[in-house]
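One letter stands for each residue in the lines below.
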Amino acid sequence: MQSGRRTGRLWWRIFRNVALIFLSFLIILAAANELLLAPFYTQRQKQLLIRQLDVISDMDFSQGDSSTVKLPRATIERLSKISDNYHFEVEIYLENGQILYTSSGSKMMEHAGIGPSFEMQRDEFSVERQEKLSDGTVFEIVRRGFARKEEYLQCRREIGNGMIAEVRIQKQLITSAASTANQLILLIALGCCLVSVVWIFIFARRFSHPVAEMNQITKQLSRLDFSQKVIVSGTDEIAQLGNSVNEMSDSLSSALAELQSANARLRDEIELERQLDGMRRDFVANVSHELKTPIAIISGYAEGLKLNVNENSREEYCNTILEESRRMNRLVLKILDLSRYESGKMELHPENFDFTEMATQMTQRIFHESKITAKVDVPPDTNVFADPLMIEQVLQAYLENARCHTLEGGTVEVHTAVCESGCRLSVTNSGSHVDPEKMPQIWQSFYRGDASHKRDNSRFGLGLSIVSAIAKLHNTVCGVYNTENGVCFWFDIPCK
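Owing to the predicted nature of the structure, the values given are computational and were not obtained by experimental measurement.

K.L.:
Please give an account of the overall build of the chain that cites residues and values.
P.N.:
Along the backbone of the chain there are nine helices and 13 strands. Looking at the chain residue by residue over its 496 residues, the buried ones come to 36%. Across the chain, contacts joining residues at least 24 apart in sequence account for 61% of those joining residues at least 6 apart.

K.L.:
So what's going on with the packing of helix H7 (residues 355-367) against helix H8 (residues 388-404)? Residues and values would help.
P.N.:
The contact between H7 and H8 brings their axes to 10 Å, and the two run at 40°. Judged by the sense of rotation from one axis to the other, the crossing of H7 with H8 is right-handed. Between H7 and H8, the contacting residues are Phe355, Met358, Ala359, Met362, Thr363, Arg365, Ile366 and Phe367 on the first element and Pro388, Ile391, Glu392, Leu395, Gln396, Leu399, Glu400 and Arg403 on the second.

K.L.:
With reference to specific residues and values, describe the sheet that holds strand E1 (residues 89-94).
P.N.:
Pairing in this open sheet of six strands is antiparallel, and the strands run E2-E1-E6-E5-E4-E3 from one edge to the other. The sheet is open, and its two edges are formed by strand E2 (99-102) and strand E3 (125-132), each paired on a single side. For this sheet, the mean inter-axis angle between neighbouring strands, taken without regard to orientation, is 25°. Where helix H2 (residues 73-86) meets the sheet, it contacts E1, E2 and strand E6 (163-170), and its direction lies at approximately 145° from that of E1. Its contacts with the sheet put helix H3 (residues 171-222) on strand E4 (138-144), strand E5 (151-160) and E6, and the angle it makes with E6 is roughly 35°.

K.L.:
I'd like a rundown of the packing of aromatic side chains, residues and numbers included.
P.N.:
Taken as a whole and judged by the stated rule, the model has three aromatic pairs. Between Tyr86 and Phe88, the aromatic rings sit 5.6 Å apart at their centres with planes inclined by 20°, giving stacked as the arrangement. Of the residues examined, Tyr86 reaches a relative accessible area of 31% and is grouped as partly exposed. When the ring of Tyr398 is compared with that of Phe489, the centres are 5.5 Å apart and the planes differ by 40°; the resulting orientation is tilted. Of the two residues, Tyr398 is situated in helix H8 and Phe489 in strand E13 (residues 486-494); the sequence distance between them amounts to 91 residues. Summarising the burial analysis for this pair, Tyr398 and Phe489 share the class buried. Directly above the aromatic system of Phe139 lies the positively charged group of Lys46, at a separation of 4.8 Å from the ring centroid.

K.L.:
An account of the nonpolar core is needed here, citing residue identities and associated values.
P.N.:
One finds Phe355, Leu395, Tyr398, Leu399, Val427, Trp443 and Phe491 to be the most contacted residues of the largest nonpolar core, which totals 40 residues. If you list the elements that add at least two residues to this core, you get H7, strand E9 (383-386), H8, strand E10 (411-419), strand E11 (422-430), helix H9 (463-473), strand E12 (478-482) and E13. Filtering out sequence-adjacent residues up to four positions away, Leu399 remains in contact with Met362, Thr363, Ile366, Phe367, Val412, Val414 and Val427. Counting 27 residues, the second largest nonpolar core, distinct from the first, contains Leu49, Leu53, Leu94 and Met163.

K.L.:
Which residues make up the pattern of salt bridges, and what are the values?
P.N.:
The final tally for this structure, using the stated rule, is nine salt bridges. Through salt bridges with shared partners, a single ionic network connects Glu89, Glu91, Glu166 and Arg168.

K.L.:
A description of H2 should follow, citing residues and the corresponding values.
P.N.:
Given a rise of 1.5 Å per residue, 14 residues ought to cover 20 Å, and the 20 Å separating the end C-alpha atoms of H2 matches this to within 8%. Just downstream of H2 lies His87, where phi reads positive at about 60°.

K.L.:
Lay out helix H4 (residues 237-253) with the relevant residues and their values.
P.N.:
With 17 residues, H4 extends 24 Å from end C-alpha to end C-alpha; this agrees with the ideal 24 Å at 1.5 Å per step. Among the residues making up H4, those that are buried are Ile238, Ala239, Gly242, Val245, Asn246 and Ser249. One face of H4 carries all of its buried residues, which in axial projection span an arc of 115°. Summarising the geometry of H4, the exposed residues directed more than 90 degrees from the buried face are Glu237 and Glu247.

K.L.:
Would you mind going over unusual backbone geometry in detail, with residue names and values included?
P.N.:
Glycine aside, residues mostly have negative phi angles, and peptide bonds mostly take the trans form. Residue His87 is not a glycine yet carries a positive backbone phi of 60°. Structurally, His87 is set in the loop between H2 and E1.

K.L.:
Tell me what's going on with the sheet that holds E10, and back it up with residues and numbers.
P.N.:
Read across the sheet, five strands follow the order E8-E10-E11-E13-E12 without closing on themselves; strand pairing throughout is mixed. Of all strands in the sheet, those with a lone pairing partner are strand E8 (373-377) and E12, marking the two edges. Along the sheet, successive strands turn relative to each other by an average axial angle of 20°, direction set aside. The pairing of E10 with E11 spans eight bridges and is classified as antiparallel. Paired with Thr416 across the bridge in E11 is Leu425. On top of the sheet, H7 reaches E8, E10, E11 and E13; it is set at about 180° to E8, its chief contact.

K.L.:
How would you explain a nonpolar patch on the surface if you had to name every residue and give the values?
P.N.:
On the surface, a cluster of nonpolar side chains totalling about 280 Å² of accessible area is made up of Leu20, Leu23 and Ile27. For Leu20, the position within the fold is in helix H1 (residues 2-57).

K.L.:
Explain the side chain of Thr356 residue by residue, including any values.
P.N.:
Within the fold, Thr356 resides in helix H7. Apart from residues no more than four positions distant in its own chain, Thr356 is found in contact with Val378, Pro379, Pro380, Asp381 and Thr382.

K.L.:
Explain the packing of H8 against H9 to me, using residue names and the numbers behind them.
P.N.:
It is at 9 Å that the axes of H8 and H9 come closest, and there the two elements cross at 145°. With respect to the hand of their crossing, H8 and H9 are arranged in left-handed fashion. Between H8 and H9, the residues in contact are Met390, Gln393, Val394, Ala397 and Tyr398 and Gly463, Leu464, Val467, Ile470 and Leu473, respectively. The residue makeup of the contact of H8 with H9, split by class, is eight nonpolar, two polar and no charged.

K.L.:
Hey, could you go over the pairing of E2 for me, with residue numbers and the actual values?
P.N.:
The pairing of E1 with E2 spans three bridges and is classified as antiparallel. Looking at E2, one finds that Tyr93 is bridged to Ile99. Between the antiparallel neighbours E1 and E2 lie four residues, among them Gly97 with a positive phi of about 95°.

Parameters at a glance
Residues numbered from 1 in each chain as written. Predicted model: local features only at pLDDT ≥ 70, side-chain atom pairs only at ≥ 80, totals over all residues. Heavy atoms only, no water. Helix = DSSP H or I, 4+ residues; strand = E, 2+ residues; numbered from the N terminus. Buried < 20%, exposed > 50% of the residue type's maximum accessible area, 1.4 Å probe, protein only. Contact = heavy atoms within 4.5 Å. Axes fitted to C-alpha atoms, helices over the stretch in contact; angles between N-to-C directions. Left-handed = near helix turned anticlockwise from the far one by under 90°. Pairing = 2+ DSSP bridges. Phe/Tyr/Trp six-rings, centres within 6.5 Å; stacked < 30°, edge-to-face > 60°. Lys NZ or Arg CZ within 6 Å of the ring centre and 35° of its normal. Core = buried A, V, L, I, M, F, W, Y, C linked by side-chain atoms within 4.5 Å. Salt bridge = Lys/Arg side-chain N within 4 Å of Asp/Glu carboxyl O. Expected span 1.5 Å × (residues − 1). Arc of directions from axis to C-beta. Patch = residues over 30% accessible without salt bridge, like charges linked within 9 Å, V, L, I, M, F, W, Y side chains within 5 Å. Areas by Shrake-Rupley, 256 points an atom, 1.4 Å probe, with all protein chains shown as cover. Nonpolar A, V, L, I, M, F, W, Y, C, P; charged D, E, K, R; others polar.

Take a look at the structure:
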């Protein structure tokens, strides 16, 4: 019973408020039509009078001799067409009042059969209001002289050769048309309003019932009672709301399980954060380790120079300091490159380029003084679509890694193959295998396969980390696997 009273109040509020909106709209529409429609029609007719006067001004009004006072036939036909199309009165007359053409008395004109000796004088009009426009046009509200009951909107202008053109329309025609349009609009609006009220009444009753039902079910959901469901019929928003209530019920019934799952994910994320924190600490420790030795060497050799070592050792000390400074500079640049790649701030500039030429030139440059046999097995004109500078860094990292882990007399081979993402670059070198358990670690910063971390001016353990970051920027993958005689590092290069 309580639900029924609430339903009644709901549908009545909907019906009342929407009906008031429609009624307000009808009142505003009626007032706007009554106040604005006639002035709007008048303004439109004024603009139309001026436009037609512009058309008349461009016509040919050349006359014969002064005794005939006759307009060209083509001009008369165009004037008659304006009068017929717009229900305007059109007059062309001389300054002395003699009419050359009038649409309201054409049967008395010469072009309708009257002899040239007949002269017709224009009617006198009393001016109610006058407005002079910038182009010389005069807009007036006038009354005809013989009756003074008929009010006209009139525009006149001098058109040359002592002639004046006038275009006018009876104001009563405008007000009558506006009144008729106003009545029609109001009748249509009233009919629509009545139909809308009936529709609103039916809609409000149908709308309120499922809402009240969903209200009761949601109260049960608040008490964690998920036994009842909303009976859904149709596909409108109310039906979608019912489906949403049912879905919410199903979701709440499994909330505890999801909460447990969320707790488990949270624990995993905390563990991942701990691992990342450990990696950051390892990174700082590795950077400190890499910088500690060259700083100590530079400091020691600088003190030796300060103590004025003998001339034979001075050049050696200076060379050592320069070499260690360059090594630290390369290390810092590598760290900055890795930081930019991993932060995602490096902009890609992909383009089509010939990978065959890049692989050939870089392999020759890295292995030209080496006792390692280097082969390039890349088909001619192998074009890829990627950032050429970044792909060059990938290839250089793979080749330098292969050179460091290949003994003299060994082989290194660069080859490509078609894959799903485009072209797979592979660099295979002979030598010892990589421990499968350590394969994920080789992509970490400062990781080197030899546990001793012996100093090597060309190696910092950052090359493969940069390769992994470049792969993420290109939205591709890279990896490593052991072959029968060595190790193969691969990188999928996108193709357009």
